[in-house]
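# Results of the structural survey
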Amino acid sequence: MRRPGLAALTLAAVTVPLLAVPATTASAGTLAGPTAAQLLARAGQGCTVVSHGKYATDDDTSATVNICKAGSAFVWKADLDVDCDGVQTSHCNHSTDPWYQNQTSFETSKGRSFTADVTHYFVIPLPSSRFNYKNNGIKPGSVAAVIYNNKVVYAVFADEGPSNIIGEASYATAQALGINPDPANGGVDSGVTYIVFPGQVPSPVETNSAIDSKGAAAATAFVNS
């Protein structure tokens, strides 16, 4: 859903010592990898704007969001509109989502569209003169840390959005972040940070445990860089 709201790339460094973060293994109910504060602190260090122009977060808002690059990662701060596209389920279908489409831009390891209320995925705008993810090494399935309200959820690039709008993730990603996942009236207007790790693709790409493992490793390397 494209909800009204404003977001700007304001990645002020959090006062957290950037100590080396050891690679760890997630135990039941625990997500391995850096904390939200550590990721935000690293993302705020020397993040250079690389987009040629700003993005809007919704159709009826002004363009305020830049994509910047911190180390090898691409970073933006925006809203989160709920993407329910892909395999039809009881949560994601034409009745629950006015904008529903039965496919995603990219496919799972099984050659099917992603399932939005199962897989943690996020959206990048279609390539344009503003920013072209293909030219910046971001492959389909690249993992990202999506951060909101001190929570970190790792997600994969599975769908494309309008070339002028940014800030969208799957039903499952929103739900894991504690955001209302309803595609018709859910999402959040601001405060979501996306940190994308180019080329870091989990296998199988649709499995959240594999996404968590690849994401935690990539995030740890990012914080320690």
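All values reported here derive from a predicted model rather than from experimental measurement.

The rules behind each value
- Residues numbered from 1 in each chain as written.
- Predicted model: local features only at pLDDT ≥ 70, side-chain atom pairs only at ≥ 80, totals over all residues.
- Heavy atoms only, no water.
- Disulfide = S-S within 2.5 Å.
- Helix = DSSP H or I, 4+ residues; strand = E, 2+ residues; numbered from the N terminus.
- Buried < 20%, exposed > 50% of the residue type's maximum accessible area, 1.4 Å probe, protein only.
- Pairing = 2+ DSSP bridges.

Further remarks concern the state of the cysteines. This model, assessed by the stated rule, comprises two disulfides. Paired through a disulfide, C47 and C68 show a sulfur-sulfur distance of 1.8 Å. Note on the C47 and C68 pair: the S-S dihedral is about 80 degrees, so by sign convention the disulfide is right-handed. One end of the pair, C47, is in the loop between α1 (36-43) and β1 (48-49); the other, C68, is in strand β2 (residues 68-70), with 21 residues separating them in the sequence. In this structure C47 comes out as partly exposed when scored by relative accessible area, which is 21%.

Locating E168 in the fold gives a position in strand β7 (residues 168-170). Classification of E168 as buried rests on a relative accessible area of 11%. Taking the C-alpha atoms as reference points, E168 and D79, 89 residues apart in sequence, are found 7.2 Å from one another.

Turning to the pairing of strand β4 (residues 121-125), a few remarks are in order. Of all five residues making up β4, five are buried, and the element is well covered by its neighbours. Neither face of β4 is left uncovered, since the one carrying Y121, V123 and P125 and the one carrying F122 and I124 both have all their residues buried.

With that settled, consider the pairing of strand β5 (residues 143-148). Within β5, five of the six residues are buried, leaving the element largely enclosed by the surrounding structure. With six bridges joining them, β5 and strand β6 (residues 151-161) adopt antiparallel strand pairing. The residue bridging A144 from the neighbouring strand is A155, located in β6. Where β5 hands over to β6, the hairpin turn is made up of two residues, of which N149 adopts a positive phi near 50 degrees. Where β5 and strand β8 (residues 188-197) come together, five bridges link them in antiparallel fashion. Across the sheet, residue I147 finds its bridge partner in β8, namely T193.

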